[in-house]
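Structural features, examined
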Amino acid sequence: MTTIAKFLAVNIDCAEPKRLAEFYATVFGYEIQYAEDSYAGIGDGTMTIYFQQNLDRKPAAWPGSDKQFHMDVRVPDVKRAVQDYLELGAAKPDFQPDETSYVVLADPEGHLFCVCPARD
């Protein structure tokens with residue numbers, strides 16, 4: 001049998017950890033747990049996201065094969081959430097695979113995330 005692991009956190013490379021922590025803390029309603037120039041973290045007591053400075057990181061082209069990950073989030077009102085996130089500094093790429101089901105956005109540093117409707 002394989003040892004079962006418990007998910008602890010995800011680390012995201014970025015140029016400005018504090019800025020990205022503030023963005024996602026607002027998106028998720030999380031608390032900023034730690035914030036330095038080179039490393040920051042947010043969480044809700046169950047899930048933690050860390051932001052690690054990597055000045056050499058370059059955002060992947062979208063669409064494209066360089067993308068290594070993306071997040072999906074559920075919201076009660078996709079149109080309203082997209083507007084809110086754009087006001088926080090997200091961008092909406094021109095290419096949208098299926099705007100009838102979800103909207104692809106990029107955070108202030110170009111990491112992609114999909115805004116999906118809440119399940120009924």
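The present account deals with the structure reproduced in this document. (Residues numbered from 1 in each chain as written. Predicted model: local features only at pLDDT ≥ 70, side-chain atom pairs only at ≥ 80, totals over all residues. Heavy atoms only, no water.)

1. Focus on the overall build of the protein chain
Selection rule: Strands here are runs of E lasting at least two residues and helices are runs of H or I lasting at least four, both read from the DSSP assignment and numbered beginning at the N terminus. When we talk radius of gyration, it's over C-alpha atoms, and the globule rule is simply 2.2 Å times the number of residues to the 0.38. Whether a residue is buried, partly exposed or exposed follows from its accessible area with a 1.4 Å probe, protein chains only, as a fraction of its type maximum: under 20%, in between, or over 50%, in that order. Whether two residues are in contact is decided by their heavy atoms: any pair within 4.5 Å suffices. Accessibility throughout is a Shrake-Rupley quantity obtained with a 1.4 Å probe, and a residue counts as covered only by protein chains that appear here. As used throughout, the charge tally considers Lys and Arg to be positive and Asp and Glu to be negative, leaving His and the chain termini uncounted. Where a charge lies is defined by one atom per residue type, namely NZ (Lys), CZ (Arg), CG (Asp) and CD (Glu).
Check the secondary structure of the protein chain and you find two helices and seven strands. When the helices and strands of the protein chain are listed from N to C terminus, the series reads β-α-β-β-β-β-α-β-β. Taken over C-alpha atoms, the radius of gyration comes to 15 Å for the protein chain, in line with the 14 Å a tight globule of 120 residues would show. Considered along the principal axes of its C-alpha atoms, the protein chain spans approximately 35 × 35 × 30 Å. Looking at the protein chain as a whole, 33% of its 120 residues are labelled buried. Within the protein chain, counting contacts between residues at least 6 apart in sequence, those at least 24 apart form 51% of the total. Surface exposure of the protein chain reaches about 7900 Å², of which carbon and sulfur atoms provide 48%. Put simply, the protein chain has 11 plus and 19 minus side-chain charges, and the middle of one group is 4 Å from the middle of the other.

2. A closer look at the sheet that holds strand β6 (residues 103–106)
Stated precisely, the cut-off is as follows: By definition, two strands form a pair when at least two bridges between them are found by DSSP. Axis definition: a line fitted to C-alpha atoms, limited for helices to the stretch in contact. Angles are taken between N-to-C directions and run from 0 to 180 degrees.
The sheet built from three strands is open, its strands ordered β5-β7-β6 with mixed pairing. For this open sheet the edge positions go to β5 (71–75) and β6, each flanked by a neighbour on one side alone. Averaged over all pairs of adjacent strands, the angle between their axes in this sheet comes to 30 degrees, without regard to strand direction. Bridge analysis of β5 against strand β7 (residues 112–117) gives five bridges, and the strand direction is parallel.

3. Some points on the sheet that holds strand β2 (residues 31–35)
One open sheet holds the four strands; their spatial order is β1-β4-β3-β2, and the pairing between them is mixed. Edge strands, defined here as strands with exactly one partner in the open sheet, are β1 (10–14) and β2. Neighbouring strand axes in the sheet, compared pairwise and without regard to direction, differ in orientation by 20 degrees on average. Here five bridges tie β1 to strand β4 (residues 48–53), and the two strands are oriented parallel to one another. Opposite N11, over in β4, you have Y50 as the bridge partner.

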